[in-house]
Amino acid sequence: MDTQTIGILMLLGIFLFLLFMRMEILFSILIASVCTMLYLELPLSIVITRGLATIRSYGMLAIPLFIIAGEVLSDGSLSEKIIEFVEALIGWVRGGMAMVNIAASTFFGGISGSPLADISSLGTVLIPMMKKQGYDEEFATNITITSAQQGLMIPPSHNMIIYAMAAGGVASVSKLFLAGIVPGLLLALVLMIYSFYCAIKRGYPKGEPFNFIKLVKTFFSSFWGLMTLVIIIVGATTGVFTATESAAIAILWALFVTTFIYRDMTPKRFWDLLGRCVITVSRLLIVMGVSASFGFIIAFLRVPQMLSGLIYNFTENPVVIMLIINLILILLGMIMDMGSILIITTPIFLPIAMSIGVDPVHFGIIMIFNLAIGMMTPPVGGALMVGHLISGVKLERMYVTLIPFFIIMGVTLIVITFFPAIVMTLPNLIS
């Protein structure tokens, strides 16, 4: 075998071996990269230089800022106020509490930008409420896990910023923010239809009768927190602010709301919150920095060209090519961190997608939706694990009962993959 083939086998073989040995993803990537660079006689300084080049850009600053803004709001009473509002809005229909769960994730995901924050904040309240009203605990947990994936689609998703940087500037963050809105709402609609069907079939209850006065009161109670979402979307997508500037303004607004309006933010809580954010952001940036060296080796070994050649030798049908890419991304999402996948695979798959006429913004949404499915899928799925810890439902039971939700996610993925107008109409109208 030639040097290139041995290098590829070494890089991927060591990485997958360490991953399946349950080594932390960060060290799996780092050890595989270093061993391969030593074999290829590449300077190890690449690990440092590539990592710093990735994480010290101005655009990257938006990621920790959005995370802090989301943590400020999710740490207080906003999640409870959102639940009260959507319960007054749609909780009166049959299966209403399941729809409340979905709608709350739509609003809250757009504020925190994180499915795990959504599950942690809303799941601890909604899963016990649903069980108390007679919902199966598996259904309550699964609907929470699945609806939380909207946090990856509805802005501000920091994973869209990572994709935009990995794409090398061919996809703007503002367009990605706009492109994710309709797919996120489509997922919410499909989940609501399925919840209504399950409610009728299994006899799930209705909530309290509709009360307009309660709806108005709860709307104004949650309004100030929901304005954070408006600031981010309007500011970043109209060009008034950059993504980084809108994130900074979102933090100031979130602190104002939680300190002076909701009055549940204290100096001690804010200090503890910053400590959690430092841990989250540090881990994310370190993984991204190490992944950059892995991506450099992938490019050095010409893996993108090799993979595209293999795909084109197998088929030139655009539909089949996109199905293959989707399948690969889902499989990767089952075992790898989302940020790492975006940095490593975007330079590989984006040129292939663009060569068959897929817009880079459209492809970014396809990638992120694929990885959202991966977050729900064993063995590593973060959303799956958090839902299990909150509800106490056994993982083996969740694997079985999640099957209908995987089907829903899969059908929605196919729709947004092969009907690009669903993704691209909004960014094309506003840009």
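Note that the structure is a prediction, hence the values are computed from the model and not measured.

A.B. asks: Even after reading the chapter, I still don't get the layout of surface pockets, so can you show me in this structure?
C.D. replies: Any empty space left between the atoms is revealed when a probe the size of a water molecule rolls over them. Approximately 1,300 Å³ is the volume attributed to the largest pocket. If you trace the largest pocket, you find 45 residues lining it, with Leu-116, Arg-283, Asp-337, Met-375 and Gly-382 closest to the centre. The set of elements that each furnish at least two residues to the lining of the largest pocket consists of α1 (3-20), α4 (62-75), α7 (115-132), α9 (158-166), α13 (267-300), α16 (338-355), α17 (360-375) and α18 (382-391). Its residues placed into classes, the lining of the largest pocket shows 24 nonpolar, 14 polar and 7 charged. Estimates place the volume of the second largest pocket at around 480 Å³. Leu-12, Ile-298, Val-303, Leu-332 and Ile-348 are the residues nearest the centre of the second largest pocket, which is lined by 19 residues in total.

A.B. asks: Which parts of the structure should I look at to understand helix α5 (residues 78-90)?
C.D. replies: Each full turn of the α-helix corresponds to 3.6 residues, which orients residues three or four apart in the same direction. Taking 1.5 Å as the rise per residue, α5 with 13 residues should run 18 Å; its terminal C-alpha atoms sit 18 Å apart, in good agreement. Residues Leu-78, Ser-79, Lys-81, Ile-82, Ile-83, Phe-85, Val-86, Ala-88 and Ile-90 constitute the buried set of α5.

A.B. asks: Help me understand α1, please; the structure alone is not making it clear to me.
C.D. replies: Compared with the 26 Å implied by 1.5 Å per residue over 18 residues, the 25 Å span of α1 between its first and last C-alpha is a close match. Taken residue by residue, α1 has Gly-7, Ile-8, Leu-11, Phe-15, Leu-18 and Leu-19 as its buried positions. The buried residues of α1 occupy an angular sector of 135° when the element is viewed end-on, so they sit on one face. Projecting away from the buried face of α1 at angles above 90 degrees are the exposed residues Leu-9, Phe-17 and Phe-20. Packing partners of the buried residues in α1 comprise α2 (25-40), α13 and α14 (303-314).

About the criteria used
- Residues numbered from 1 in each chain as written.
- Predicted model: local features only at pLDDT ≥ 70, side-chain atom pairs only at ≥ 80, totals over all residues.
- Heavy atoms only, no water.
- 1 Å grid on protein atoms, 1.4 Å probe; cavity = no way out; pocket = protein on both sides within 12 Å on 5 of 7 lines; lining within 4 Å.
- Points joined across faces, edges and corners; volume = space filled by probe spheres on them.
- Helix = DSSP H or I, 4+ residues; strand = E, 2+ residues; numbered from the N terminus.
- Nonpolar A, V, L, I, M, F, W, Y, C, P; charged D, E, K, R; others polar.
- Expected span 1.5 Å × (residues − 1).
- Buried < 20%, exposed > 50% of the residue type's maximum accessible area, 1.4 Å probe, protein only.
- Arc of directions from axis to C-beta.
- Contact = heavy atoms within 4.5 Å.

Purely spatial values, then, with no claim about function.
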